[in-house]
Amino acid sequence: MRKLSICAALFSLALCGVLNAEEAMSMNAADKAMYAEMSENNPAAMDVAEGEELFNSLIGQEAYAKVLGVSVKELPEMIAGFPRMLTATPKYDFTFPKTMRKVVTLSQSLQMALASRDKKVFKLKDKEMNKMTAYVKSLANDLKTNIDVKANKQMEEMVVLGQKIFEERRGGRGLSCNSCHSADIVGSRLRMQELPDLGSKATASASTWHAYRMTQSAMVSFDKRMQQCMKNALLAELPLGSKEMVALEVYVTNLGKGNTIQIPGLKR
Amino acid sequence: MRKMIMLGIATFLGAADLSRAVEIPDATAILLKDALPAPKLYTMPKGCIVDDTAAIARGNYIFHNLNGKDAKENPPEGLTRLLPNGKEKQMGNCVACHNIEGAKGYGNIGPDLTNYKALYMDSGVRNGQFLYQQIADPRMDNPNTHMTVNLANGLFSEREVCDLMSYIVSKK
């Protein structure tokens, strides 16, 4: 209760900061205090716990491991390597015909797992899916992302496509992701926001989303966060799960390969 | 034998069903519609830079605001918060990357445009034509520029680009 009211006070302070442009530097004193407070008690931990309940009641680790073609023990390492292509799984009941060998995100693999259990398949944008994916990703906490973009032809294609999407100028202002996140520009200031180096240890984008976004008071997934940049910069939002969006996730994840997974993250 | 076949079918169906469960929307049309025209050369229209206060006020407003909806102050004469089609009018948000006289919360991705006329125009390093092209389509000068494209993609009209120029070179 006490924590809650402090948060509320800090939030309104942060809002006042936005109104007063001079004070709204990317991390002012109020932001920093809020960050310190929340890193001890990340509000998104509750979403992850709800995700755990959903996952256990609808799928369970055993059934999920089966869909991925690994043992329960191997699950965390497997999860740390998404997005990835699911191949044939001779050990178990499922074999995937060639036509469906696609690179999928963690959420998409959960859609398969739900279907394998004859459960309602949540949409990628559903809050249940958001929470469940966050929980499943957190099973790989403390491991390093181990995406393998050379694993097969499909992954090789996806990382190339992802880079193309990342660098393609488009939309209302003719910007690309690279306009703001290329190596020669990170650290500069857009308005009062420092441009983050997505792959660096400090930012570690791919391994720290799902994160609680303080400016939105909600847990946001990695692909959703990328959509938010598109929206802000007037690029048409790529739909979640589209080949191009998955490719973007492959590319950006690979930029930060080897960073430690820490779900839920905490971001501005 | 029969059991084997049944199992085979079950496996096949299981796999087919799983593949169908994955949501993979097609983004091709979205990307096509969002594409940017090729870089283009422009010629500055006659009478582009003016010292008309209304033009300078519009340039000022476009420079410092992101869009009509979020703007704190009402737009000056000749600019509206919404477009005729009801969508919000996008402004330049140049201040996100450039400092200039009186800028609040400016970024530093682009060069400081403070005292631009005296430093760059009067000294002869820059002229109106350069300025017009830079704002209209900066890809001609630098294909890898980090700056926004403003005329080639229809974000602004010719007059609005001139308004921005009139503001940048005005006495502040």
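Because the structure is a prediction, the values reported are computed rather than measured. Counting starts from 1 at the beginning of each chain's written sequence and moves along it residue by residue. Working convention: letters from A go to chains and numbers from 1 go to ligands, in the order in which they are written. The predicted nature of this model means local features are confined to residues of pLDDT at least 70 and side-chain atom pairs, given and counted, to a pLDDT of 80 or more, with totals for whole chains, interfaces and linings taken over all residues. The side-chain numbers reported here are obtained from all heavy atoms of the structure, hydrogens and water having been left aside.

**A closer look at the overall build of chain A**
Only runs of H or I of at least four residues qualify as helices and only runs of E of at least two qualify as strands under DSSP, and these elements are numbered from the N terminus. A tally of helices and strands in chain A yields 12 helices and 7 strands. Contacts between residues were defined by any pair of non-hydrogen atoms, one from each residue, lying within 4.5 Å. A separation of at least 24 residues holds for 62% of the contacts in chain A among residues at least 6 apart in sequence. For chain A, the accessible area works out to roughly 12,500 Å², and carbon and sulfur atoms hold 54% of it. Computed with a 1.4 Å probe, the accessible areas rest on the Shrake-Rupley method; for each residue, only the protein chains presented here act as cover.

**Section: the domain arrangement of chain A**
Residue and element names in this part refer to chain A. As used throughout, domain bounds are those supplied by an automatic or database domain assignment. Parsing chain A into structural domains produces domain 1 (2-38 + 147-267) and domain 2 (44-138). Taken together, the contact pairs 21 residues of domain 1 with 22 residues of domain 2. Joining two parts hides part of their accessible area as seen by a 1.4 Å probe, and the buried area is that hidden amount summed over both. Taking both partners together, domain 1 and domain 2 bury about 1,800 Å²; carbon and sulfur atoms supply 68% of that area. It is His 210, Met 219 and Ile 263 in domain 1 that bury the most area against domain 2; as a group they hold 28% of the surface buried on that side.

**Concerning the environment of B:His98**
All names here are of chain B. Residue position: His 98 is located in the loop between helix H3 (53-64) and helix H4 (116-121). The buried label applies to any residue whose accessible area, calculated with a 1.4 Å probe on protein chains only, is under 20% of its type's maximum; exposed applies above 50%, and partly exposed to all values in between. A relative accessible area of 11% places His 98 in the buried class. Remark: the alpha-carbon pair of His 98 and Asp 137, spanning 39 residues in sequence, is separated by 17 Å. Non-local contacts of His 98, meaning those with residues more than four positions away in its chain, are made with Phe 63, Tyr 106, Gly 107, Gly 110, Pro 111, Leu 113 and Met 147. Each polar contact in these results corresponds to two N or O atoms within 3.5 Å; when the atoms are within protein, one needs to be able to donate a hydrogen and the other to accept it, and residues that are neighboring in sequence are counted only if both atoms are side-chain atoms. For His 98, the side chain forms a polar contact with the main-chain oxygen of Pro 111, separated by 2.7 Å.

**Some points on the packing of aromatic side chains**
Side-chain rings of Phe, Tyr and Trp, where Trp is taken by its six-membered ring, are said to pair if the distance between their centres is within 6.5 Å; with planes under 30 degrees apart they count as stacked, over 60 as edge-to-face, and otherwise as tilted. Counted according to the given criterion, the structure contains 5 aromatic pairs over all chains. Here the aromatic cluster, defined as three or more aromatic residues joined through ring pairs, consists of A:Phe55, A:Tyr64 and A:Tyr135. Throughout this description, the term charge over a ring refers to an Arg CZ or Lys NZ atom that lies within 6 Å of the ring centre and within 35 degrees of the ring normal. The ring of A:Phe82 carries A:Arg84 above its face, with NZ or CZ at 6.0 Å from the centroid. Lying over the aromatic face of B:Tyr167, B:Lys172 brings its terminal NZ or CZ to 5.1 Å of the ring centre.

**Section: the packing of helix H11 (residues 222-232) of chain A against helix H12 (residues 243-255) of chain A**
Residues and elements named next belong to chain A. Orientation of H11 relative to H12, taken along the N-to-C sense of each, is 100 degrees, at an axis distance of 10 Å. Overall, the two elements H11 and H12 adopt an arrangement that is roughly perpendicular. Taken together, the residues of H12 that come into contact with H11 (itself represented by Phe 222, Asp 223, Met 226, Gln 227 and Met 230) are Met 245, Leu 248, Glu 249, Val 252 and Thr 253. By residue class, the composition of the contact of H11 with H12 is 6 nonpolar, 2 polar and 2 charged. Geometry is summarised by axes, namely lines fitted to C-alpha atoms with helices restricted to the contacting stretch, and by angles between N-to-C directions that run from 0 to 180 degrees. The labels follow the angle: roughly parallel below 35 degrees, roughly antiparallel above 145, roughly perpendicular from 65 to 115, and oblique for the rest. Amino acids outside the nonpolar list (Ala, Val, Leu, Ile, Met, Phe, Trp, Tyr, Cys, Pro) and the charged list (Asp, Glu, Lys, Arg) are all regarded as polar, and Gly is one of them.

**Some words on the state of the cysteines**
Whenever a pair of cysteine sulfur atoms sits within 2.5 Å, that pair is classed as a disulfide. According to the stated counting rule, one finds 1 disulfide over all chains in the structure shown. The side chain of B:Cys48 participates in a disulfide bridge whose partner is B:Cys162; the two sulfur atoms lie 2.1 Å from each other. Looking along the S-S bond of the B:Cys48-B:Cys162 disulfide, the torsion reads about -110 degrees, which is the left-handed sense. With B:Cys48 in the loop between helix H2 (28-33) and H3 and B:Cys162 in helix H6 (residues 158-169), this residue pair connects regions lying 114 residues apart in the sequence. Note on B:Cys48: relative accessible area 5%, which makes it buried. By relative accessible area, which is 8% here, B:Cys162 ends up buried. Here A:Cys177 stays unpaired: no disulfide links it, and the sulfur of A:Cys229, its closest cysteine neighbor, is 7.6 Å away. Look at A:Cys177 and you get buried, because its relative accessible area is 18%.

**Quick notes on the interface of chain B and chain A**
Listed as interface residues are 42 residues of chain B and, on the opposing side, 51 residues of chain A. When the two sides are added together, the surface that chain B and chain A hide from each other amounts to roughly 3,600 Å², 60% of it contributed by carbon and sulfur. Counting the surface chain B buries against chain A, the share from its top three residues, B:Leu18, B:Glu23 and B:His146, is 19%. Here, a salt bridge means any Lys or Arg side-chain nitrogen found within 4 Å of an Asp or Glu carboxyl oxygen. A:Arg170 is the partner of B:Asp34 in a salt bridge, and the nearest nitrogen-oxygen pair spans 2.6 Å. At the boundary of chain B and chain A, one finds 21 residue pairs in polar contact (both at pLDDT 80 or more).

**Structural notes on the side chain of B:Asp34**
With respect to the helices, strands and loops of the structure, B:Asp34 is situated in the loop between H2 and H3. Judged by relative accessible area, B:Asp34 falls into the buried class, the value being 12%. In contact with B:Asp34, not counting residues within four places along its chain, are A:Arg170, A:Gly171, A:Leu235 and A:Ala236.

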